[in-house]
Amino acid sequence: MTTTKKPKGLVATLAILDLRHEWILTLCMVLAIAAVLAPLLILLGLKYGTIETMRERLIEDPVNREIKPARTLQLSSTWFDDFSKRDDVAFIVPTILRGSSIVRIIKKAGDYGHALDLVPTAPNDPLILENGAIVPLAGECVLSYSASEELGIKTGDVVTARITRTRRGRREYVETPLKVIAILNPRADGLSRIYAPLQFVTDVELYREGQAVTARNWAGSQPRPFLSFDGAFVIHPARLSRIKMRMLTINTGLAQINKINSEQFQQAMGFALPSGYTIYKLAAKGNTIQTTNIKRLKNKLRGQSAIVLPFVENISLKLNQEIKIIGLSITTAEAKQLEIPALKWTKNSILLPDHIKFTSGKASALNGKIEFPITNIGKSFSKYAIVPIELIGSLKTGEKRNIIYDETQNSFLLARAGYRGFRLYARSIDDIPTLYRHFIENKIEVITKVQSIEKVKILDRGLTRIFWLVAIIGIIGGIAALIASLYAAVERKKRDIGILRLMGLSRNEVFIFPIYQGISIAIISVIVAIMGYASLSYIINFVFAADLRLGEKICFLPNEYFMIAFIATTIAAAMSSLLAAWKTTEIEPAEAIREE
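Since we're looking at a predicted model, the values are computed, not measured. Position numbers for residues start from 1 in each chain and track the written sequence from start to end. Given that this is a predicted model, residues contribute local features only at a pLDDT of at least 70 and side-chain atom pairs are listed and counted only at 80 or more, while totals for whole chains, interfaces and linings are drawn from all residues. Each side-chain value is derived from all of the structure's non-hydrogen atoms; neither hydrogens nor water enter the calculation.

A. Seen up close, the pattern of salt bridges. Between Lys or Arg on one side and Asp or Glu on the other, a salt bridge is scored when a side-chain nitrogen of the former is within 4 Å of a carboxyl oxygen of the latter. Considering all chains together, one arrives at 16 salt bridges under this definition. Here Arg-423 ties to Asp-125 by a salt bridge, and the two come within 2.6 Å at their closest N and O atoms. Remark: Asp-125 occurs in the loop between β4 (114–121) and α4 (126–129) and Arg-423 occurs in strand β23 (residues 421–426); sequence separation between them is 298 residues. Burial classes: relative accessible area under 20% of the type maximum marks a residue as buried, over 50% as exposed, and values in between as partly exposed (1.4 Å probe, protein chains only). A residue is classified by how much of its surface remains accessible, and Arg-423, at 5% relative accessible area, is buried. Helix and strand definitions here come from DSSP, where helices need a minimum of 4 consecutive H or I residues and strands a minimum of 2 consecutive E residues; each element is numbered from the N-terminal end.

Listed below in structure tokens is the structure:
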């Protein structure tokens, strides 16, 4: 007895031919499912397109990623170095005081010019690079669109920047040429501003504050460090009453006063005083004093033949070895009164004990932060090295303020204390909330577009909830319709399925018969739904084209969404046909004979 081998794909072929035979019912089922899928795709496309358009507009415009302080700050260079290393920071540059950032831009000689706000920039500035411009170098600038329109300036023009100030009751100004290398996109900045390198901007600030800018030959004063002291010794020929002692602490900034003995003074200063003097040590509580405090103290002691010696504790110099120094600057009469040699100081001079062999050279102080030349002019009458009080007072100031030694002027100068603000751009709009919280936690009030970003996120969450609410209702309806249709088809075709059983199809083979039909209907439905989506999305985008920028779409879905819709619909159809498939396994071949 020979058996005929069944061809491969027989059940799938029969299922598809059956759908074709009942094409009207099949078409109705396809349209019913497509009518569920197409609106879902449109709704999802609107959600995705709208949110992405808003996000792209936020992302494209670097202004939305900008963070700036709401008030004036005092930030060190170290703070900027550390903050620029954060992964969520794309760019940060210091800014200067608003009052110092105004410059007058003159197009041609004889013009009065226009006052513009000067803004610092630096390499990789997103506001410049993402708005059709390039970052300016030394001697160059970039203008905002409104500034260029106001001045009638175009790219390539050379303008004159005039910086004015009032110093010692006189009005002064300097001028410098700047080449306009780019004009910003109108969206970048709605105000009239000029963008220039940070170094130029900080030089302008220094000049406006009355200081000289040597590199640009701009005249002015030099920021010399003020003198700081830990306290003062009062060497008095008489013993003071408690009331007089207390009087020395009133309005002098010296809150503490103690009487000390000659041994304590000698331990502090390294030399002994003649007998007959009472010594008082005055100091501020947890703070330093300055020259004005010393002057007030001397005024209170006027006419009492008292000597005031300011002192600084724990300052050392490194020559060929580490040495402790004291500061002492007194008049010849005071030196005679204290029975010590007269001090004839020269610039950066020092008196050294015998055991230290040094003539002249470089000295370093403040743990190597500063170096300056120094010359040994004689032997110290103290067990410590002696320097002018002005030198040690400057070094004391250097513990809290940055100071430098300018060899061209042979003088200590105050370095820049810090910056008054910043212009920061986050790496993405999603980093704005994190940075905003960081600043608030550190008590720095900032201005951001965080509210606009949060609105987009809230809208995204709201549209997602609406989509899934509609989708769940639609999917349940579609599955119910497919289950009912396939189950009814099996009931209607009991005789036909029984004949297939008589022809040799097993229970498993007839089981997958409705599954094949469900998957086939799902595939056709997805294709029809995608075609419907494509047509409607084109119409929607065409209607709203006037309100959109080039390349933007209000209804759009990436290709992976169609693949997800295809797979999800196919799986749902296969699951929906299981009830009908189970029903086919209960049909016996006898059903066909009974029908006959």
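B. Geometry of the nonpolar core. One finds Leu-317, Phe-372 and Leu-395 to be the most contacted residues of the largest nonpolar core, which totals 44 residues. Here this core takes four residues from helix α11 (residues 389–397), the largest share from any one element. With sequence-adjacent residues up to four places away left out, Phe-372 is seen in contact with Leu-317, Gly-361, Lys-362, Ala-363, Ala-365, Leu-391, Leu-395, Tyr-405 and Phe-412. Here, nonpolar core means buried Ala, Val, Leu, Ile, Met, Phe, Trp, Tyr and Cys residues that are tied together by side-chain atoms lying within 4.5 Å of each other. One finds Ile-96, Leu-143, Ile-163 and Tyr-207 within the second-largest nonpolar core, a separate group that totals 24 residues. Any two residues having at least one pair of non-hydrogen atoms within 4.5 Å are treated as being in contact.

C. View of unusual backbone geometry. Even without a glycine there, the phi angle at Ser-305 is positive, about 60°. Looking at the secondary structure, you find Ser-305 in the loop between α9 (291–300) and β14 (307–311). On the basis of relative accessible area, Ser-305 is assigned to the partly exposed category, the value being 49%. A positive phi is found at Lys-443, a non-glycine position, where the angle reads about 60°. Inspection of the secondary structure assignment puts Lys-443 in the loop between α12 (432–441) and β24 (446–447).

D. A look at helix α6 (residues 198–208). Along α6, the residues that are buried comprise Phe-200, Val-201, Thr-202, Asp-203, Val-204, Glu-205 and Tyr-207. Residues of α6 that are buried make contact with β3 (102–106), β4, β6 (158–167), β7 (170–183) and β8 (193–197). Once α6 ends, the next one or two residues include Gly-210, with phi positive near 95°.

Keep in mind these values describe shape, not function.
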